[in-house]
Structure formats: structure tokens, C-alpha cells
Amino acid sequence: MELTLVLAISVLGLLFAVYLTRDVMRRDVGTERMREISDAIRQGAEAFLRRQYSTIVYLALALAALIYILYAFVRTPTEHDPTSPLALAFWTTLSFVFGAACSVAAGYMGMWVSIRSNIRTAAEVTKGINGALQTALRGGAVSGFFVVAMSLLGVGGLFAIVNNFDVVKDVSKIPLLIVGYGFGASFVALFAQLGGGIYTKAADVGADLVGKVEAGIPEDDPRNPAVIADLVGDNVGDCAGRGADLFESTAAENIGAMILAAGLYVSNTAVFESQGLTIFGVLLFPLVARAFGIIACIVGIMVVKTHEKEDPMQALNRGYYVAATLAMVGFFIASRWLLGGEYYFNFFICGVVGVLTSVAFVYITQYYTEYKYRPARSIAEASQTGPATTIITGLAVGMESTGLPVLVVGTAIVATYLLGEFSGLMHGGLFGTAVGTMGMLGTAAYILAMDTFGPITDNAGGIIEMSQQPEEIRKKTDRLDAVGNTTKALTKGYAVGSAGLAAFLLFSAYFDEVRNYGFDLKYIDLSKPAVFAGSMFGAVLVMIFSALAIRAVGHAAYAVINNVREQFRNNPGIMQGTSKPDYGQCVDIVTRAALKEMILPGLLVVFVTIAVGIGFRWIFILSGSPANGATGAEVVGGYLMVATITGILMALFMNNGGGAWDNGKKYIETGKLGGKRSDAHKAAVVGDTVGDPFKDTAGPSLHVLIKLLSTITLVLAPLFI
């Protein structure tokens, strides 16, 4: 019954996404000039994604073949294996391929609708703010529901297939066979986020530095040759990229929670059986709770409406609070039903803690990135003395912004662990942290809708300006665009917060999985030389990955800047408005650069992890297992732990610092401190361009990196023992 419910609600989520698609697509598409601009954005985004996903498919198939070979022919089987070596290799590889395919599908479908919602939002805003708000949010919600529903459907469907084929006799071992699903989702997400981030920021930096600073023309001015590439970048980075990011968050968390649920049931079998609870109910509790979250988010989306004089952000917040409240109700029902009358309440509170953690991250991110507050305003004030002080102040704000989020994540982990421990169940503490993570991701569909709302309204504003609509219409799109900038920043905070909780959950699942394969790993001993060295490798991987991502934006932006300058120089009619720039040149330059630059950092993560695990395993074996030595499994544990901590701090620093730089610039553009084209504004634009690859390329890619490391280690753990 539980599995049927999960699959049914997943299908409901997909059907609701189809309903939203039909609702958005039936709306007005504006004037011919507006359609011309929208078509250029759509064609550029679709061309990039086709080429990007083609590259990702080849890489994923090569990695799938490697996984099969390592499992089937390289790894030494043990008595603890859940099934035969060939069957284990087959199901792990199949789940990897299925996870990668679902991630591609979810990301592409979300972006397909978003690049068709921008023109409809632009047309609706000419009639009123409410229609435009609902069009943009519902267009964004298509991505949210495809991501969450496909994640649940994929994990639940794989579970049903493995169970029906009787691949293993012990049901608690099924999550070990489908763990590859999360790895496949993470692998695609890393390249989607990284490639999209390089594209969007290279185009943005090129458009800003030459357009705003050198030529002195407004943002989204049709005379700027990079403007279409910039608008395309919003879709491939914030829609497809973030969709893949949260897809892999939900997929990896679902499987990690199921691994811990299996351990909880095995440790408390007699207790659960005495209450008439089955292993299926406990194993599927994470999926059932998440399924109720889909229903909560459906209601939240449908209640959003506003009027002409209201701040649109208030309407979005109302919908979020409705979704969060209903998600907590869903947690209560799932906990009471599947975890027993005596033990459910503590785990229900763990879910509430997770939901409240997500709300806390929303407010903390808002404080550090919105120009209504001190951090962003301090950057704007520093801009009055030039670019150097702008950058110094932004770096300080980014570093400061790591404090409160880490305090919140730490508090949530400790609180949920203690609640689980005090439940009375053996090993309930780690499962409590898993339930807390589920609570934070319970509203993921609504959060992703708000994230995709940002690029849709940004594109709508660009379409309105480039089609030269009246000033009062542009003011309305500016209101929506300002809200969109806030929602994008909030989603980054939510994504890194959920990554922090999910990383601890997956780290705990790694311990459980290693024990399932017969190696009793109780703790990570950093006093062992091998573990300490492996841990440093984890920290430096994060730093090198970030450097490669930021440098990639610099390389691509260099080519864009030179092309824009060349077009201005060779065709003076562009600035005079008598001839059109060649938008396609910039789109093609950024596409080729992004696809080229994303491969090295992505593959680095995978192969360094494999090298650390297998390399230290052989060092341990060849050294005769000395008393102070460490197996590959323990070294990888240290590597994963330190890389996760470093990655979370770096992601917070980059996301919030970049967002503060951006909004410091926007504060000046409201007319403060000299307004547009002042020296302070030019300095703020420089700060914003420094922050662009921080907040939209390296920072968001680190969310994925953190979880990719966890899913790699879960899939390849048997090779490290």
C-alpha cells in the first residue's frame, strides 16, 4: 500500500506539472517584436542544452561501463554481498543510468516550459501584475514538480522492480542495489550546473563590462551583442542547472534515508513487529513523507495571488508558508502511520526542525543579500571609493555570512540526533537526522518554483525593454525582476543548507553501507597519517574545483568581451541604432567555451575520489595492515567529511558574497549614492562581475559537489574495503 501511494502521488505531481504547462501555454504571447526576442532566447537555450546533454550522455555511459567493470570483474566478492557479483554490478549500473536519465529529463522539461513562460509573463504584465506573477510562478513550478515527482517515481519504481524480481531475499538490502540512482543524478547535476553556470556568467560579465561600464548603455539594451546570450544564460544556469541540483538532492536523500531506515528496522525488529509494523513501512517512510510534500506544494502554488499595489514577494511568501505548514501536517500523518504509536512523535518533531531550518535559511540569506539590510548596503557605500574597496568589503561580507548558516545547520543536526536518540529506538539518532533532512526538502517543489520564477521574470523584463514597451510596463517588470533576484538568492541558501543536512545524512549512510558489507567502521581517526592525508585531499579538491570553475568563467568572458568590442568597433551603426548586432556570435562563443571548460572539473571530482579510495586500500594491503594504518574505506570517510565541511563553507561564502555584490550594485541603481553611470556605480559593476562566477557558477556547483562526493562513496564503497 505504501509503495502504491508513493507512486500514485508521484504521478499526481507529474499530472499537475502538465496542468500548469497547459495553463501557461494558453496565455497571450504579446507582439511580434516580443515574440522575435523570445524566439531568439528559446533557440539559444535549446541549442545549448542539446549540445550540453549530448556531452553529458557520452560521459555518463563511459562512467556506467567503468562502474560495471569495477563491480563485476575488479572487486573481490564477499559473503556479505546482497547478491551475486554480476547481479550487483548490473543493478548498480542500471540504477546509475536510470538516475542520470531522469535527471536529464527533469531538467530539460523544466527549462522547456520556462523559456516559453518568459514571453507570456511579458504579455501578461501589460494587463496587470497578478497575471504576470501567476504565469511566472506556475511556469517555474513545472520544473519543481517534475524534479520532485521524477525523483520519487525513480526511487520508488526501482524499489518495486528489484523487489518484484526477487533479486535479494532480504528486503533491507534493496537500497544497496539502487544507490546508483543518486550517483547518476549527481553526476548529471554537476555538469548541468557547472556548464550552465559558466555559460550564464560569461555572458553576463561580458555584457556588463562592455555594455554598462564602457559603452554606458542600460542592461538588456538591444544594442548590446551579448544581451541574448545573457538572457539565454539565465535559463540554462538557473532553470536547468538548479533543477538538476535539487533533483539530485532529493534523489540522494531519499536513498540515503532508506539505507538508514533499513538499519533502524534491523536494530529494532522485535519492537516494530510488536506494533504490527512491517519493514516495508519503515523503509518507505522517507518516500511517503516526501510524497505528502508534493500535495502541500500543489496547494501552496494554487493559493498565490496578488494585486497591483502589494509587494509580489508577500504573495510568494504566503504560498511558501501554506506549503511548509501542510508539509508538517504530512510529516505527522506519515510518522504516526509508519513509525508506530509510541515512537513517532520524536521523529515528527525532527521533520518540523527540518522545515524550520529551511525557513531560517531563507531569512538569513535574505539578510545577507538584499539591499534593504546592512551587508549589501555596506558594499554600496564602499563603492564610493572605487573597485578595490568594493571587492574588499564584498569578500568580508561573504566570509561573515558563513557564521549563522553553520550555526543553524549544526543546531539542526544535534537537535534531530538527540530527538532520535530519545525516541527509545536503537540507532534512532542517525535516523532522526535523516528525517530532519527530509523535512527541509519537503517544500523543494515550491522552492524550485520560486527559483525558476527569477529567470522567467528577468527574461520578461529583457523582452519588455528590447521591444521598447512603455516605461510604466517596464516598472512593473522591474518589480517582478527584483523579487526574482531575491528568490534566486533564497534558493541558493536553501540549496546549500539542504546540502549540509543531506551530506551528514549520506555520511551516516556511508557508515551503514560499509557495515553491511562486513567492515565495522565505527569512527574516522584523523590521528592516522593516511586518514589525515586523505582528508587534506578532500579539502584541496574543493579549492581546485572552485578555481577551475571561476577561471572557466574568466576564459569564456574574455572571448565574449573581445567579440562585443569588435562588433562595436566594426559596426558603428549598432550604437546609433541603425543596424542590429550579431547576437548569434556571442551565443555560439559562450556555448563552445562552457562545454569545453566544464569537463575537467567534473571529471576531476570522480577520478580523485576513486583514486583516493582504491589507492589507500592498496597501500593498506601492501603495507601488511599496520596497527596505525587505515583501510581505503576509512580514508575515504575522512576525505568525504573534510571535503563536505570545506565545500559548505566555500559555497556559503561564494553564494552570499556574490549576492551581496549584486544587490549592492542594484541599490546604487535605484538612485542612491550617485545612481547609474556614477563612479560608485562603475565600481559596483566591477564588484558584481567579480561576484558573478562566485554566486552563479562555483557556489551552486559546490552544492552538487558535496552530494556527488557522498553518492560516489556510497556506490563505490564496496571497492574501498
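Everything quoted here is computed from the prediction, not taken from an experiment. (Residues numbered from 1 in each chain as written. Predicted model: local features only at pLDDT ≥ 70, side-chain atom pairs only at ≥ 80, totals over all residues. Heavy atoms only, no water.)

A closer look at the packing of aromatic side chains
At step 1: Using the criterion set out here, one finds 28 aromatic pairs in the structure.
At step 2: Seen from their ring centres, Tyr320 and Tyr321 are 6.0 Å apart, and the 50° between their planes marks the pair as tilted.
At step 3: Over the face of the ring belonging to Trp618 we find Arg617, whose NZ or CZ atom lies 5.5 Å from the ring centre. (Phe/Tyr/Trp six-rings, centres within 6.5 Å; stacked < 30°, edge-to-face > 60°. Lys NZ or Arg CZ within 6 Å of the ring centre and 35° of its normal.)

Concerning unusual backbone geometry
At step 1: A positive phi angle, close to 60°, is found at His427, a residue other than glycine.
At step 2: Here His427 is to be found in the loop between helix H14 (403-421) and helix H15 (428-440). (Helix = DSSP H or I, 4+ residues; strand = E, 2+ residues; numbered from the N terminus.)

Details of the side chain of Asn663
At step 1: Tracing the sequence through the fold places Asn663 in helix H21 (residues 632-669).
At step 2: We classify Asn663 as buried; its relative accessible area is 10%.
At step 3: In terms of polar contacts, Asn663 uses its side chain to reach the backbone carbonyl oxygen of Thr369, at 2.5 Å.
At step 4: Beyond its immediate sequence surroundings of up to four residues, Asn663 is in contact with Thr369, Glu370, Tyr371 and Ala376. (Buried < 20%, exposed > 50% of the residue type's maximum accessible area, 1.4 Å probe, protein only. Polar contact = N/O pair within 3.5 Å; in protein donor to acceptor, adjacent residues only side chain to side chain. Contact = heavy atoms within 4.5 Å.)

Here's the deal with the pattern of salt bridges
At step 1: As enumerated under the stated definition, the model contains 22 salt bridges in all.
At step 2: Asp23 serves as the salt-bridge partner of Arg26, at 2.8 Å between the closest nitrogen and oxygen.
At step 3: Among the residues examined, Arg26 registers a relative accessible area of 62% and is labelled exposed.
At step 4: For Asp23, a relative accessible area of 6% gives the class buried.
At step 5: Of the charged contacts, one joins Lys372 and Glu370 as a salt bridge, the two residues approaching to 3.5 Å between their closest N and O atoms.
At step 6: For Glu370, a relative accessible area of 9% puts it in the buried group.
At step 7: Connected through salt bridges with shared partners, the residues Asp662, Lys665, Lys666, Asp688, Asp692, Lys695 and Asp696 form a single ionic network. (Salt bridge = Lys/Arg side-chain N within 4 Å of Asp/Glu carboxyl O.)

So, empty space enclosed by the protein
At step 1: Within this structure, the stated rule accounts for four cavities of 30 Å³ or more.
At step 2: Estimates place the volume of the second largest cavity at around 40 Å³.
At step 3: Along its surface, the second largest cavity is lined by Asn317, Tyr320, Tyr321, Val359, Val362, Tyr363 and Gln366.
At step 4: For the lining of the second largest cavity, the secondary structure elements donating two or more residues are helix H10 (312-338) and helix H11 (344-369).
At step 5: When the residues that make up the lining of the second largest cavity are grouped by side-chain class, the tally is five nonpolar, two polar and no charged. (1 Å grid on protein atoms, 1.4 Å probe; cavity = no way out; pocket = protein on both sides within 12 Å on 5 of 7 lines; lining within 4 Å. Points joined across faces, edges and corners; volume = space filled by probe spheres on them. Nonpolar A, V, L, I, M, F, W, Y, C, P; charged D, E, K, R; others polar.)

Some thoughts on the nonpolar core
At step 1: Residues Phe145, Phe431, Tyr446 and Tyr510 are the most contacted members of the largest nonpolar core, which totals 247 residues.
At step 2: Of the residues forming this core, the biggest block, 22 residues, is contributed by helix H7 (residues 227-267).
At step 3: Not counting residues within four places of it along the chain, the set of residues in contact with Phe431 comprises Ala257, Leu260, Ala261, Leu264, Phe285, Leu339 and Phe347.
At step 4: In this structure, Tyr667, Ile668, Ala680 and Ala684 belong to the second largest nonpolar core, which totals five residues. (Core = buried A, V, L, I, M, F, W, Y, C linked by side-chain atoms within 4.5 Å.)

Brief notes about the layout of surface pockets
At step 1: If you add up the space inside the second largest pocket, you get close to 910 Å³.
At step 2: In terms of lining, the second largest pocket is formed by 36 residues, of which the most central are Leu430, Phe504, Phe507, Ser508 and Phe511.
At step 3: Sorting the residues of the lining of the second largest pocket by element identifies H7, H14, H15, helix H17 (471-516) and H21 as the ones contributing at least two each.
At step 4: For the lining of the second largest pocket, the leading source of residues is H17, giving nine residues.

Quick word on a nonpolar patch on the surface
At step 1: A cluster of nonpolar side chains, Leu12, Ile295, Val299, Val303, Leu326, Val329, Phe332, Ile333 and Phe345, forms an exposed patch at the surface whose accessible area comes to about 680 Å².
At step 2: Breaking the nonpolar patch down by element, the ones donating at least two residues are helix H9 (279-302) and H10.
At step 3: Ranked by the residues each element gives to the nonpolar patch, the list is headed by H10, at four residues.
At step 4: Within the element layout of this structure, Val299 appears in helix H9.
At step 5: Its relative accessible area of 32% is what places Val299 among the partly exposed residues. (Patch = residues over 30% accessible without salt bridge, like charges linked within 9 Å, V, L, I, M, F, W, Y side chains within 5 Å. Areas by Shrake-Rupley, 256 points an atom, 1.4 Å probe, with all protein chains shown as cover.)

Quick word on the side chain of Thr644
At step 1: Residue position: Thr644 is located in helix H21.
At step 2: Excluding its chain neighbours within four sequence positions, the residues that come into contact with Thr644 are Ala503 and Ile706.

Observations concerning the packing of helix H13 (residues 387-400) against helix H22 (residues 679-720)
At step 1: Running from amino to carboxyl end, H13 crosses H22 at an angle of 40°, the nearest separation of the two axes being 8 Å. Our classification of the angle between H13 and H22 gives oblique. Considering only the axes of H13 and H22, their crossing is right-handed. For the pair H13 and H22, the contacting residues are Pro387, Thr390, Ile391 and Leu395 in the first and Ala683, Ala684, Val686, Gly687, Val690 and Phe694 in the second.
At step 2: Grouping the amino acids of the contact of H13 with H22 by side-chain chemistry returns eight nonpolar, two polar and no charged. (Axes fitted to C-alpha atoms, helices over the stretch in contact; angles between N-to-C directions. Parallel < 35°, antiparallel > 145°, perpendicular 65-115°, else oblique. Left-handed = near helix turned anticlockwise from the far one by under 90°.)

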